[in-house]
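Structural description and commentary
Listed here are the chains, written in short residue letters.
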Amino acid sequence: MLILAIESSCDETAAAVVRDGCETLSSVVSSQIAIHAEYGGVVPEIASRKHLEMITPVVNQALHEAGLAMGDIQGVAVTRGPGLAGALLVGLSAAKAIAFAQAVPFVGVHHIEGHIFATCLEQPVEFPFLALVVSGGHTHLYLVEGFGRYTTIGRTIDDAAGEAFDKSAKIMGLEYPGGARIDALARTGDCRAVRLPRPLINDGSLNFSFSGLKTAMLQWINKHPVAMPSQDASDLCASFQEAVCDVLAFKTEAALRQCGARRLVVAGGVACNSGLRARMTRMAADLGVELHIPKPALCGDNAAMLGVAGNYYLCNGHASSLSLDVTATWEMDRIKDMFL
Ligand code: ATP
Ligand code: MG
Ligand code: FE
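Scoring rules and cut-offs
Residues numbered from 1 in each chain as written. Chains lettered and ligands numbered in written order. Predicted model: local features only at pLDDT ≥ 70, side-chain atom pairs only at ≥ 80, totals over all residues. Domains from an automatic or database assignment. Contact = placed C-beta atoms within 7 Å. Helix = DSSP H or I, 4+ residues; strand = E, 2+ residues; numbered from the N terminus. Nonpolar A, V, L, I, M, F, W, Y, C, P; charged D, E, K, R; others polar. Near = placed C-beta within 6 Å. UniProt positions renumbered as here; feature names shortened; annotations may be inferred. Buried ≥ 20, exposed ≤ 12 C-beta atoms within 10 Å, placed from the backbone. Expected span 1.5 Å × (residues − 1). Bend = angle between axes of the 7 residues up to and from the residue.

Each assigned domain of the protein is listed with its residue range as follows: domain 1 (2–118 + 298–338) and domain 2 (126–293). Centre-to-centre, using C-alpha coordinates, domain 1 lies 27 Å away from domain 2. The interface of domain 1 with domain 2 comprises 17 residues on the first partner and 22 residues on the second. Of all the secondary-structure elements, those providing two or more residues to the side of domain 1 that touches domain 2 are helix H1 (33–37), helix H4 (111–117) and helix H11 (306–315). Within the side of domain 1 that touches domain 2, the residues separate by chemical class into ten nonpolar, five polar and two charged.

See below:
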């Protein structure tokens, strides 16, 4: 099935054409990062207006790059939530309009379901598997038993990993979103230079907490102002990244042991992080676990990732009704109820 996929949950307007849930014919991502950087974070009202401006050109470009016309599309997949309601509404409305005009089915997909299955655009993954989702809004461990069948077994109790990266970068005076900048500086830093906490590492649960780490960064900076760029800045970035990776690796290993999973998928924007990728690769090799981390372009927000679950739902009679609404919050564990 030829699917047009659309994503507009936050600050990326994206469209893609995906064949049979595994082959990307085109993937266009228009980022608003430069616009929001000026404000130090995403401004919802600006995001919605920018999506509205970009949605038609981005969809047209995706079709053009795939060498297709609108009439060739056989189904539409779109992010229904979670995310910014006004931003989601732009993508969902466009998806409905296209599906209605072309008389093809459409389906609203969970944004995190998109992130998790992005890796299938490179190689298939067998069920069941454990998914570690590390992004701007999520740090979650899910047991994935099939499309739509997700069980949360661990999650952050405060900030997400991406939020911790971005807030710590802001404290250091780095531009939003600072995750990638910390990663770049950390490459030449000494990760043992600054002692930072590993929150919740010994609490026996599979949960995460990152707000204390951010506070520890703030306290360190207040006592030891760092010039930018400098060896001290690189050392601090490396130490911070190591602390985040230690906690993510420790809890993921515990989760793998607890549920006996033989396969691990790491997904979401923070999965771009070079330190985390190296750490997960080492851990998976040590444990004999099959690891799937997609290339960085598939870790951040994009539309192609929605074409995987979208294809499954559309091919299995789970199309959405045109009365479907966006949802700013949406628990992954609730998705299975929709199939009952
Ligand atoms: P969610 O998917 O939870 O709704 P989101 O869509 O805003 O949130 P993503 O686009 O998946 O999040 O990821 C963005 C996050 O990834 C940002 O916090 C960004 O700083 C972080 N990130 C991107 N590259 C890196 C990197 N190399 N190292 C660390 N963090 C990174
Ligand atoms: Mg984004
Ligand atoms: Fe995302």
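Looking now at the site of ligand 1. Around ligand 1 there are 23 residues in total, and Gly136, Gly137, Gly162, Gly179 and Gly269 lie nearest to it. Elements supplying a minimum of two residues to the shell around ligand 1: H4, helix H5 (161–171) and helix H6 (179–186). By residue class, the composition of the shell around ligand 1 is six nonpolar, 14 polar and three charged. Viewed by domain, the shell around ligand 1 spans two of them, domain 1 (2–118 + 298–338) and domain 2 (126–293), each represented by three or more residues.

Here the focus is the UniProt feature "binding site: substrate" (unreviewed entry) in the protein. Following the UniProt record, the feature "binding site: substrate" (unreviewed entry) maps to Val133, Val134, Ser135, Gly136, Gly137, Asp166, Gly179, Asp183 and Asn273 here. One can find Gly179 in helix H6. For Gly179, the residues in contact, after removing those within four places along its chain, are Gly162, Phe165, Asp166, Ala169, Gly269, Val270 and Asn273. Among the structural elements, Asp183 can be located in helix H6. By the C-beta count within 10 Å, which is 21 here, Asp183 ends up buried.

Between its first and last C-alpha, helix H2 (residues 44–66) extends 31 Å over 23 residues, near the 33 Å set by a 1.5 Å rise per residue. Of all the bends in H2, the largest measures some 40° and sits at Met54, one to four residues before the proline Pro57. Among all positions of H2, only Ala47, Lys50, His51, Met54, Ile55, Val58, Val59, Ala62, Leu63 and Ala66 are buried. Tucked into the core, H2 has its buried residues touching strand E1 (2–7), strand E2 (12–19), strand E3 (23–31), H1 and helix H3 (85–102). Positive phi shows up at Gly67, right after H2, with a value of about 70°.

With that settled, consider the UniProt feature "binding site: Fe cation" (unreviewed entry) in the protein. Mapped onto the present numbering, the UniProt feature "binding site: Fe cation" (unreviewed entry) falls at His111, His115 and Asp301. Over a stretch of 191 residues, the named residues converge on one spot in the fold, their C-alpha atoms separated by at most 8.8 Å. Positionally, His111 belongs in helix H4. Looking at His111, the number of C-beta atoms within 10 Å reads 25, which means it is buried. Aside from chain neighbours lying at most four places away, what touches His111 is Ser9, Thr79, Gly81, Pro82 and Gly83. Along the chain, Asp301 turns up in the loop between helix H10 (296–299) and H11. Residue Asp301 is classed as buried on the basis of its 25 C-beta neighbours within 10 Å.

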